[in-house]
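# An overview of the molecular structure
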Amino acid sequence: MANPHSDHPAHLQHHFVSSEQQFDAAKMGMWLFLVTEILLFSGMFVAYIVYRTWHPEVFAKSAELLNPFLGGLNTIVLLASSFTVALGIHYAQKDNKKGLVINLVLTFLFALTFLVVKYFEYTAKFEHGVFPGAAFDPHGVSHGVDYATYNIPYARQFFSIYFVMTGIHGFHVLVGMGLFTWITIRALKGEFSSAYYTPVENCGLYWHLVDIIWIFLFPLLYLI
Amino acid sequence: MSHAEHHVSSIKLLAIIFGGLVFLTVTTVLTAQLDLGSFNVPLAMTIAIAKASLVVVIFMGLKWDNKVNSVIFGLGLLFVAVFISFTLFDTLYRGDLTNTTKGTIQDQVLMEEGLQSREPAPSTLQPDHTP
């Protein structure tokens, strides 16, 4: 045979029977990966739950130092990015390249917005000595809040958990931005269509999971 | 073509779900400002679970997906539940680990007996009635 690839679409690898089987296998692999991600975060959620059941009043008081409106804004931003990535998949399925690219770029910008808000939250904490671990030394007064009054036993544990959980979540947002850059470039090259959009679908699944983690982090750390 | 079987969520449905998620976020921020006593935590968690369910079922498409993916996800959640509950079986029932004394139980008994032998007779403990 002159061209061994002439009898099947370019995206279909030889070890799969059909595009459908290849799509299902990739998606199932993604769900398995998402379960490992859930278990990674569940270790930190367990740490949170154990310390909260031991020192509920310390957690309730320490949460006062976090700004629920910035956290709420970031929740809306991530929900909007989940919406745009779902729209992007919708447009990929409808062979609408323009709609796909616009929504992927919007998703990237929402992710960037999230990290910018997070940067301002972190620096506001660092200015007043609210660091994770041994460096924890809250001091100073800002907006009528005397940080020194929050230097109570086990507040250090709350803020260590806060920084580790939001930090690892923020790293996932950063990875997501890298993924969407890659997917957007491929979309611009016209590599995706209703017949093949597996990378868009799987990056979307990853992104929705990052959103779900934040859906739980937000009330646990900022509200209750 | 087989790909025609893939479910395509309408823009209207996605927009309704997004609206619902924003509504639930505003609700959880507002209800957290109220003092509901012990109901604040369960309420916030119920709203978070509702939001996560909307994302998983509609945005991630588990509703229309191959059922094996729902099984994988459900097994993941099962192990998270085991992880949390079995850890709490330990940490919730440890008692007061700081409430310890020096020496063995035998030392404690001997010391107690020593103190009892020095106990004054009950008659000497009568209240003094002299003005």
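Just so we're clear, the structure is a prediction, and the values are computed from it rather than from any experiment. (Residues numbered from 1 in each chain as written. Chains lettered and ligands numbered in written order. Predicted model: local features only at pLDDT ≥ 70, side-chain atom pairs only at ≥ 80, totals over all residues. Heavy atoms only, no water.)

So, about the overall build of chain B. Scanning chain B for helices and strands turns up 4 helices and 0 strands. When its C-alpha atoms are laid out on the principal axes, chain B stretches across 105 × 40 × 15 Å. For chain B, buried positions account for 27% of its 131 residues. Summarising the internal contacts of chain B: among those between residues at least 6 apart in sequence, 47% fall at separations of at least 24. Of the roughly 9300 Å² of accessible surface on chain B, 68% is carried by carbon and sulfur atoms. (Helix = DSSP H or I, 4+ residues; strand = E, 2+ residues; numbered from the N terminus. Buried < 20%, exposed > 50% of the residue type's maximum accessible area, 1.4 Å probe, protein only. Contact = heavy atoms within 4.5 Å. Areas by Shrake-Rupley, 256 points an atom, 1.4 Å probe, with all protein chains shown as cover.)

Attention now goes to the layout of surface pockets. In this structure, the largest pocket occupies an estimated 660 Å³ of space. For the lining of the largest pocket, the elements supplying multiple residues, two or more each, are helix H1 (19-54) and helix H6 (198-223) of chain A together with helix H2 (40-59) and helix H3 (67-91) of chain B. A per-class count over the lining of the largest pocket returns 20 nonpolar, 3 polar and 1 charged. (1 Å grid on protein atoms, 1.4 Å probe; cavity = no way out; pocket = protein on both sides within 12 Å on 5 of 7 lines; lining within 4 Å. Points joined across faces, edges and corners; volume = space filled by probe spheres on them. Nonpolar A, V, L, I, M, F, W, Y, C, P; charged D, E, K, R; others polar.)

Residues and elements named next belong to chain A. Applying the stated criterion to the full structure yields 1 cavity of 30 Å³ or more. Taken as a whole, the largest cavity holds about 70 Å³ of empty space. Forming the boundary of the largest cavity are 11 residues, of which Ser19, Phe23, Ala195, Tyr196 and Thr198 lie nearest the centre. Here the element with the most residues in the lining of the largest cavity is H1; it accounts for 4 residues.

The subject of this paragraph is unusual backbone geometry. Residues and elements named next belong to chain A. Positive phi, close to 50 degrees, is recorded for His143, a residue that is not glycine. Phi at Tyr154 takes a positive value of approximately 75 degrees, unusual for a residue other than glycine. When you line up the elements, Tyr154 lands in the loop between strand S2 (145-146) and helix H5 (155-188).

A few words now on the packing of aromatic side chains. All names here are of chain A. Enumeration over the complete set of coordinates arrives at 23 aromatic pairs over all chains. Their ring planes at 25 degrees and their centres at 5.6 Å tell us that Phe136 and Phe159 sit as a pair that is stacked. Of this pair, Phe136 sits in the loop between helix H4 (97-127) and strand S1 (141-142) while Phe159 sits in helix H5; the two residues are 23 residues apart in sequence, bridging distant segments of the chain. On the basis of relative accessible area, Phe136 is assigned to the buried category, the value being 5%. Positioned above the aromatic ring of Tyr150 is the side chain of Lys61, whose terminal nitrogen or guanidinium carbon lies 4.2 Å from the ring centre. (Phe/Tyr/Trp six-rings, centres within 6.5 Å; stacked < 30°, edge-to-face > 60°. Lys NZ or Arg CZ within 6 Å of the ring centre and 35° of its normal.)

Here the focus is the packing of H4(A) against H5(A). Residue and element names in this part refer to chain A. Remark: H4 packs on H5, axes separated minimally by 9 Å, with the N-to-C direction vectors making an angle of 155 degrees. Between H4 and H5, the interaxial angle falls into the category roughly antiparallel. Handedness of the crossing formed by H4 with H5: left-handed. (Axes fitted to C-alpha atoms, helices over the stretch in contact; angles between N-to-C directions. Parallel < 35°, antiparallel > 145°, perpendicular 65-115°, else oblique. Left-handed = near helix turned anticlockwise from the far one by under 90°.)

Grouped together as the largest cluster of nonpolar side chains are 87 residues, with contacts concentrated most on Trp31(A), Phe159(A) and Phe59(B). Here this core takes 17 residues from H6(A), the largest share from any one element. (Core = buried A, V, L, I, M, F, W, Y, C linked by side-chain atoms within 4.5 Å.)

Another aspect to go through is the environment of Asn67(A). Following the sequence through the fold, Asn67(A) ends up in the loop between helix H2 (56-62) and helix H3 (68-93). Accessibility expressed as a relative area gives 34% for Asn67(A), which makes it partly exposed.

Another aspect to go through is a nonpolar patch on the surface. A grouping of Leu39(A), Val71(B), Leu75(B), Leu78(B), Phe79(B), Val82(B), Phe86(B), Phe89(B), Leu92(B) and Tyr93(B) is seen on the molecular surface, where their side chains present a nonpolar patch of about 1000 Å² in accessible area. The dominant element in the nonpolar patch, judged by the number of residues it contributes, is H3(B), at 7 residues. Topologically, Phe86(B) is positioned in helix H3. For Phe86(B), a relative accessible area of 56% puts it in the exposed group. (Patch = residues over 30% accessible without salt bridge, like charges linked within 9 Å, V, L, I, M, F, W, Y side chains within 5 Å. Salt bridge = Lys/Arg side-chain N within 4 Å of Asp/Glu carboxyl O.)

With that settled, the discussion passes to the pattern of salt bridges. All names here are of chain A. Counted by the stated rule, this structure contains 5 salt bridges over all chains. Linking Lys27 and Glu201 is a salt bridge whose minimum nitrogen-to-oxygen distance equals 2.8 Å. Here Lys27 is found in helix H1, whereas its partner Glu201 is found in helix H6, with 174 residues between them in sequence. In terms of burial, Lys27 and Glu201 fall into one category: buried.

At the junction of the two partners, chain A supplies 48 residues and chain B supplies 46 residues. Between chain A and chain B lies a buried interface of about 4200 Å² when both sides are counted; carbon and sulfur atoms form 80% of it. Summed over the three residues of chain A that lose the most area to chain B, namely Glu20(A), Trp31(A) and Phe83(A), the buried surface amounts to 15% of that side. Applying the counting criterion to the chain A and chain B interface returns 1 salt bridge. Along the contact surface separating chain A from chain B lie 6 residue pairs in polar contact (both at pLDDT 80 or more). Listed by contribution, the elements that provide at least two residues to the side of chain A that touches chain B are H1, H3 and H6 of chain A. Counted by class, the side of chain A that touches chain B contains 32 nonpolar, 10 polar and 6 charged residues. (Buried area = accessible area lost by both parts, 1.4 Å probe. Polar contact = N/O pair within 3.5 Å; in protein donor to acceptor, adjacent residues only side chain to side chain.)

By themselves, these figures tell us nothing about what the structure is for.
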